[in-house]
Amino acid sequence: MTALPANTQMSLQDFLAVRDFIYGRTGIFFNESKQYFLENRLNRRIQDLNLSSYREYLAHLQGLGGKDELTQLFNEITTNETSFWRNPPQIEAFQKNILHEAVALAKARGSSRLRIWSAACSSGEEPYTLAMICAEARDGLMRGMQAEIVATDISERVLALAREGVYGSYTLRNLTPAQVKGHFIQQGPDAFKVRPELQQMVSFRNFNLVDYPGYRMLGSFDVIFCRNVLIYFDEAVKIKVIKGFHESLQPKAFLLVGHSESIHSFNVGFELLHFSKAMGYRKR
Ligand SMILES: C[S@@+](CC[C@H](N)C(=O)[O-])C[C@H]1O[C@@H](n2cnc3c(N)ncnc32)[C@H](O)[C@@H]1O
């Protein structure tokens, strides 16, 4: 078998076959302008596996070693950009408004547990931000309440980083010095480890958002954050994912999507909520 030279071009036919495979497995839709991106990412895998064509790579994915390679593929093709306290107005809407209402609804149900899902959590900054907010409310709003944060992603690479919980200062840039001091232990010049109290509040697991029957295994939630991932899906997948969230939410519970990801046009049983410089949704 001859290895592909690093600059081997992906034919349009190869691209369409790979693109359709990825779409079927992840819901991520690459249009023609992303051919170079895929070529770049997958050339690496093809070389490492000593394969000689994209067709062989697809056969490998569908063959005996396919499950492990799928993990590698997901690591390669996902975009995992994130940071602590990302989109501050929306995080503050959660802290100042949504959390209060969610706690009141949970208490009215007779529950002392608040369940939050960070769907597509990447390397953990989003769920740890939510844990931080709940921990800071420990002696006030959250008194007598336990917060459980379920954080999921399809990339094992970022999930491993999230479980480790060690971050550099760039991703912490939106936090106040008091928050960094209160929630992290500095381990090196630019290495801050999330304190065990926060880590205990978050459980990380691999979950693929196109695994529609799997949603019910995660249980019911008071708040779902699904930010900056719907943009990678086409309309058909978005509708099914949002339906999955709808079914996973408690009555009147909350869904927060990324600021460029309106779900309003889908009219799927959510009411739009306006906050100061942020929006959210509530299950009708
Ligand atoms: C840009 S990050 C968003 C992280 C975080 N929610 C935020 O807003 O900062 C998008 C994440 O979605 C994940 N992702 C993409 N497709 C997915 C799928 N089908 N199921 C679960 N996660 C997926 C990627 O692995 C990536 O970590």
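Residues numbered from 1 in each chain as written. Predicted model: local features only at pLDDT ≥ 70, side-chain atom pairs only at ≥ 80, totals over all residues. Heavy atoms only, no water.

Novice: Mind showing me how you'd approach the pairing of strand E5 (residues 191-194) here?
Specialist: Strand residues, when the strand is regular, have side chains that alternate between the two faces of the sheet. Looking at chain direction, strand E3 (residues 166-167) and E5 are connected through two bridges and run antiparallel. Residue pairing for E5: Val166 is matched across the bridge by Lys193. Connecting strand E4 (residues 184-188) to the next strand, E5, in antiparallel fashion are two residues. (Pairing = 2+ DSSP bridges. Helix = DSSP H or I, 4+ residues; strand = E, 2+ residues; numbered from the N terminus.)

Novice: Is there a simple way to think about the side chain of Asn208 in this case?
Specialist: Tracing the sequence through the fold places Asn208 in the loop between strand E6 (202-206) and strand E7 (221-226). Assessed through its relative accessible area of 15%, Asn208 is described here as buried. Ignoring anything within four residues of it in the chain, the contact list for Asn208 reads Arg25, Thr26, Phe74 and Ile154. (Buried < 20%, exposed > 50% of the residue type's maximum accessible area, 1.4 Å probe, protein only. Contact = heavy atoms within 4.5 Å.)

Novice: Before we go on, may I ask you to explain the site of the ligand in this structure?
Specialist: Around the ligand lies a shell of 21 residues, among which Thr82, Arg86, Ala120, Asp153 and Asn228 are the nearest. The side chain of Glu126 places a nitrogen or oxygen atom 3.2 Å from a nitrogen atom of the ligand. Taking Leu209, its main chain carries an N or O atom lying 2.9 Å from a nitrogen atom of the ligand. In isolation the ligand exposes 610 Å². Once the protein is present, 99% of that is buried. (Near = heavy atom within 4 Å. Polar contact = N/O pair within 3.5 Å; in protein donor to acceptor, adjacent residues only side chain to side chain. Areas by Shrake-Rupley, 256 points an atom, 1.4 Å probe, with all protein chains shown as cover.)

Novice: Help me understand the side chain of Asn80 in this model?
Specialist: Relative to the assigned elements, Asn80 resides in the loop between helix H4 (66-77) and helix H5 (88-108). Discounting residues that sit within four places of it in the chain, Asn80 has contacts with Ser122, Ser155, Arg157 and Val158.

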